[in-house]
Amino acid sequence: MASPTPISIPHFVETQLQLLLLEHEAEVSSSSLATTAASVSPATRRTLQATGYALTGLVLSQCRTGLGGRVVGEFAPDPAVSSGKSDNDRASDGQPRLGSHGIRVGDVVRVNDVSAGNAKKIGKDKGKDGGSKEQKDKSGPEGVVTRVNDKAIWIAFGQQGKGGGTSKEDDEAIEELWGKKLWAMRQTMEKMAKMTETDHSHFMRVAFGHTTPLQPDYEDIGPVEFSDPTLNDSQKDAIRFALATKDIALIHGPPGTGKTHTIIELIMQMVQRKKRILVCGPSNISVDNIVERLAPKKVPVVRVGHPARLLPSVLEHSLEVLTQTSDAASIVKDVRKEIDDKQASIRKTRTGRERRAIYDDLKQLRKEFRERESKCVDNLVRESSVAVATLHGAGGHQLKNQNFDVVIIDEASQALEAQCWIPLISADKVIFAGDHLQLPPTVKSTNLKSKPGAEKKDDGPKKEILKGVSLERTLFDRLLSLHGSQIKRMLTTQYRMHEKIMRFPSDELYESKLMAGDAVKSRLLADLPYETQGTDDTQEPLVFWDTQGGDFPEKAEDKEIGQKEALLGESKSNEMEAMVVARHVDNLVEAGIKPEDIAVITPYNGQLSVLSQMLREKHPGLELGSVDGFQGREKEAVVVSLVRSNAEHEVGFLGEKRRLNVAMTRPKRHLCICGDSDTISRGSSFLKHWMDYLEENADLRYPDAGDLL
């Protein structure tokens, strides 16, 4: 293979900083979009909710004190607003249900008052630096969503400061805020910019094409005895390769191939070899998942940062709990007690002089407490074989003086490259796990830049953007194109999908290398472990409702939010096609399939809003979502609404094969596609091949518009 073309690190950093600034501006705009939710029409509000921007008409139903003194608020629908709603809007106990929304565990949200009464609006927070002074002053508290069900949403806020505001600790707790994210990425990029060539690690030189990766040394690792007997050959091969490599390994995990399962065994093997490992991922959920799976293995693991899920298995490994319960924590306890006693004694003092003396003592005690706590944290991390943090959390003070033998980044193809460099700037050996053929991280500034007529600010001369560098292009992707398949091992047995569902993505995207595991390759909805009827749907893994013929036309959403509609994506909808979807879901439920085993997904937010109105009340357990938001998820049955149907045969961003790859690889036993083959097959060769495959292999059905109305 020819030597890679080296990339100038300073030029690369300059480009990243410019792109991050554009993204920050787009995030701030999207934050202000959420604040408009109260004043727009009900239809637009539904779209905002369905796409995860806002949830309105809530009241704070109760509060409790959570971990580390954090306040956890439970927000439920306002009974005054919900009182006139139908029985379908209520749970079995008569409590009102939340409306359709896209807010998930781990999201950072801001809670605002939107009326003279107490009704609250929860909107995803996208940046502290946006909006006018007045807007900022009215902004409510920010927190992390810890739990969501159909009746309420729980949000953990920071510890309360003296004035009822948030404390310094809160800044660390809510690490997902975009403003803080941007700061951490900028810091890292600026640090890279200041490095001289002699400062660059071997890994950094490999990552920018200044040298080639070293050959893996299999003799050095010796025989590998796997602790997990269920591993398949491709998983074992990936683990041996990752152990033997000296600097870099990519574990390519297509949908359902047990990527996280493989990483857990890899961590176990490295711990046995006395390696210290830092495991990172782009989100709290991704890293909590690792801790949860490592916990039963009795590996000394510490979770740095805010554990979003608050699961006991994760909590007992979090620094927050360990600093209060471990042996190392005893060095802090006595000082904490002394501080509490001193504060209590202030009320008993009679003179200003006595009070001043106590305040002086408290100042000293707090200083000592911080020093001891810092030492305690340092000891806890040092004693652990494995530290786990989000990519941003890896830049926190808790890991400042720690050295690791290996850095593992899970979900690496969903992380911005600048995020990845936070833990990688001093790394020697790095393992990435991900799938570059699924969707990259969400980048809002791409939409804004490509918007016709978008205003361009003149901020003076800017350095040229480096060719081939964009926020959507991940480090995983870039390394693969730089060094080729020699640095990659692919997992090839998938344990999710029926063979018929898997075959097209395997042939078209994964070089026909995927094999369906014996337990999944022929299982159907009719084989579910509860009673179902044997129907055309429950006995068919692949169904295609082809709406060709023009009776199912798409329409564009009303552009009532002005220029901000770009932030809702290309808001197309197709009401007739939504009726086909609703009919199919009804048939599945009538055949005995539980609504919670079914997901309905669509690439278009406008369609998600239409589907929510049709299906949410009728089937409360049903999951409705965007294709992008469903990445990493799975369901027994998935119904996909493709929406596009027009005389011009335009398919818009349906042409993005990674988005369709996500859509078609979510189901286990049943995939139903609803769309217009006439429009879609003209969009790209990939779409043409897909329509041909469905025509050949799916149970092909043609809906009658007259029957639906």
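Residues numbered from 1 in each chain as written. Predicted model: local features only at pLDDT ≥ 70, side-chain atom pairs only at ≥ 80, totals over all residues. Heavy atoms only, no water.

**Quick notes on the overall build of the chain**
Here is step 1 of the chain: Each helix and strand in the chain was counted, giving 25 helices and 23 strands.
Here is step 2 of the chain: Within the chain, the proportion of its 709 residues that are buried is 56%.
Here is step 3 of the chain: At a minimum sequence separation of 6, the contacts of the chain that also span at least 24 residues come to 75%. (Helix = DSSP H or I, 4+ residues; strand = E, 2+ residues; numbered from the N terminus. Buried < 20%, exposed > 50% of the residue type's maximum accessible area, 1.4 Å probe, protein only. Contact = heavy atoms within 4.5 Å.)

**Overview of the pairing of strand β3 (residues 108-113)**
Here is step 1 of the chain: For β3, the tally of buried residues reaches 5 of 6 residues, placing the bulk of the element in the interior.
Here is step 2 of the chain: With 3 bridges joining them, β3 and strand β5 (residues 142-148) adopt antiparallel strand pairing. Looking at β5, one finds that V109 is bridged to G143. (Pairing = 2+ DSSP bridges.)

**Topic: the sheet that holds strand β11 (residues 406-409)**
Here is step 1 of the chain: On the basis of which strands lie adjacent, the open sheet formed by 7 strands has the order β9-β10-β8-β11-β12-β7-β13 and parallel pairing. The open sheet is flanked by β9 (301-303) and β13 (488-490), the only strands paired with a single partner. Put simply, the sheet's adjacent strands are angled 20° from each other on average, direction ignored.
Here is step 2 of the chain: Bridging between strand β7 (residues 248-252) and β13 involves 3 bridges; their strand directions are parallel. Counterpart to I251 in the pairing with β13 is R489.
Here is step 3 of the chain: Of the strands in this sheet, β8 (277-281), β9 and β10 (386-390) are in contact with helix α11 (residues 284-294), which crosses β10 at around 155°. (Axes fitted to C-alpha atoms, helices over the stretch in contact; angles between N-to-C directions.)

**Some words on the pairing of strand β19 (residues 598-602)**
Here is step 1 of the chain: Of all 5 residues in β19, 5 are buried, a share of seventy percent or more.
Here is step 2 of the chain: Pairing geometry for β19 and strand β21 (residues 635-641), over 4 bridges, is parallel. Across the sheet, I601 pairs through a bridge with V640, a residue of β21.
Here is step 3 of the chain: Examined bridge by bridge, β19 and strand β20 (residues 623-626) share 4 bridges and lie parallel to one another. Paired with A599 across the two strands is E623, which belongs to β20.
Here is step 4 of the chain: Handedness of the β19-helix α21 (residues 605-615)-β20 crossover: right-handed. (Right-handed = clockwise from strand over helix to strand, strands pointing away.)

**Thoughts on the side chain of T493**
Here is step 1 of the chain: Structurally, T493 is set in strand β14 (residues 493-494).
Here is step 2 of the chain: Judged by its relative accessible area of 13%, T493 falls in the buried class.
Here is step 3 of the chain: Apart from the residues within four sequence positions on either side, T493 is in contact with N232, S234, G256, T257, M515 and G517.

**Re helix α14 (residues 330-346)**
Spacing of three or four residues puts side chains on the same side of an α-helix, whose turn is 3.6 residues.
Here is step 1 of the chain: Given a rise of 1.5 Å per residue, 17 residues ought to cover 24 Å, and the 26 Å separating the end C-alpha atoms of α14 matches this to within 8%.
Here is step 2 of the chain: Every buried residue of α14 is listed here: V332, V335, I339 and I346. Viewed along the axis of α14, the buried residues span an arc of 70°, placing them on a single side of the element. (Expected span 1.5 Å × (residues − 1). Arc of directions from axis to C-beta.)

**Quick look at the nonpolar core**
One recurring pattern in soluble globular proteins is that nonpolar side chains are buried together.
Here is step 1 of the chain: Grouped together as the largest cluster of nonpolar side chains are 67 residues, with contacts concentrated most on M192, F208, L399, I409, W421, L424 and F432.
Here is step 2 of the chain: Ranked by the residues each element gives to this core, the list is headed by helix α15 (residues 352-383), at 8 residues.
Here is step 3 of the chain: For F208, the residues in contact, after removing those within four places along its chain, are T5, P6, I7, I9, F12, M192, E417, W421, R478 and L482.
Here is step 4 of the chain: If you look at the next biggest cluster of nonpolar residues, it comprises 39 residues, including Y604, M664, L687 and M691. (Core = buried A, V, L, I, M, F, W, Y, C linked by side-chain atoms within 4.5 Å.)

**A word on the environment of S201**
Here is step 1 of the chain: Checked against the element boundaries, S201 lands in the loop between α6 (178-194) and α7 (202-207).
Here is step 2 of the chain: Under the relative-accessibility criterion, S201 is labelled buried at 13%.
Here is step 3 of the chain: Separated by 223 residues in sequence, S201 and L424 place their C-alpha atoms 9.7 Å apart.
Here is step 4 of the chain: Once you skip the residues sitting within four places of it in the chain, S201 turns out to touch I425 and A427.

**A look at unusual backbone geometry**
Here is step 1 of the chain: A positive phi angle, near 75°, is found at V643, a position not held by glycine.
Here is step 2 of the chain: Taking the relative accessible area as the measure of exposure, V643 reaches 0% and is therefore buried.
Here is step 3 of the chain: At H649, a residue that is not glycine, the phi angle is positive and equals roughly 60°.
Here is step 4 of the chain: Here H649 is to be found in the loop between β21 and α22 (657-664).

**Notes on the side chain of N574**
Here is step 1 of the chain: Position of N574 relative to the elements: it lies in the loop between β18 (572-573) and α20 (575-590).
Here is step 2 of the chain: Under the relative-accessibility criterion, N574 is labelled buried at 0%.
Here is step 3 of the chain: Only 3.0 Å separates the side chain of N574 from the backbone oxygen of V643, close enough to count as a polar contact.
Here is step 4 of the chain: In this structure N574 touches F552, P553, E554, Q607, V643 and S645, once residues within four positions along its chain are discounted. (Polar contact = N/O pair within 3.5 Å; in protein donor to acceptor, adjacent residues only side chain to side chain.)

**Things to note about the pattern of salt bridges**
Here is step 1 of the chain: One pass over the full model with this rule turns up 29 salt bridges.
Here is step 2 of the chain: Salt-bridge contacts for R682 lead to D678; the nearest nitrogen and oxygen are separated by 3.5 Å.
Here is step 3 of the chain: The structure contains a network of salt bridges with shared partners spanning R496, E634, E636, K668 and R669. (Salt bridge = Lys/Arg side-chain N within 4 Å of Asp/Glu carboxyl O.)

**Some remarks on the state of the cysteines**
Here is step 1 of the chain: Taken as a whole and assessed by the stated rule, the structure comprises 0 disulfides.
Here is step 2 of the chain: Here C420 is not cross-linked by a disulfide; its sulfur's nearest cysteine counterpart is in C280, at 8.9 Å.
Here is step 3 of the chain: C674 supplies the cysteine sulfur nearest to C672, a cysteine that is in no disulfide, at a spacing of 4.1 Å. (Disulfide = S-S within 2.5 Å.)

**A few points about the packing of aromatic side chains**
Here is step 1 of the chain: Throughout the structure, instances matching the rule amount to 7 aromatic pairs.
Here is step 2 of the chain: Note on F203 and W421: the rings are 5.7 Å apart at their centroids and 45° apart in plane angle, and the pair reads as tilted. One end of the pair, F203, is in helix α7; the other, W421, is in helix α16 (residues 417-424), with 218 residues separating them in the sequence. Assigned by exposure class, F203 and W421 land together as buried.
Here is step 3 of the chain: An aromatic cluster is present here, built from F12, F203, F208, W421 and F432 joined pairwise through their rings.
Here is step 4 of the chain: Over the ring of Y530 we find K594; its NZ or CZ atom is 4.4 Å from the centre of that ring.
Here is step 5 of the chain: For the cation-ring pair, R659 lies above F653, with the distance from its terminal atom to the ring centre recorded as 4.1 Å. (Phe/Tyr/Trp six-rings, centres within 6.5 Å; stacked < 30°, edge-to-face > 60°. Lys NZ or Arg CZ within 6 Å of the ring centre and 35° of its normal.)

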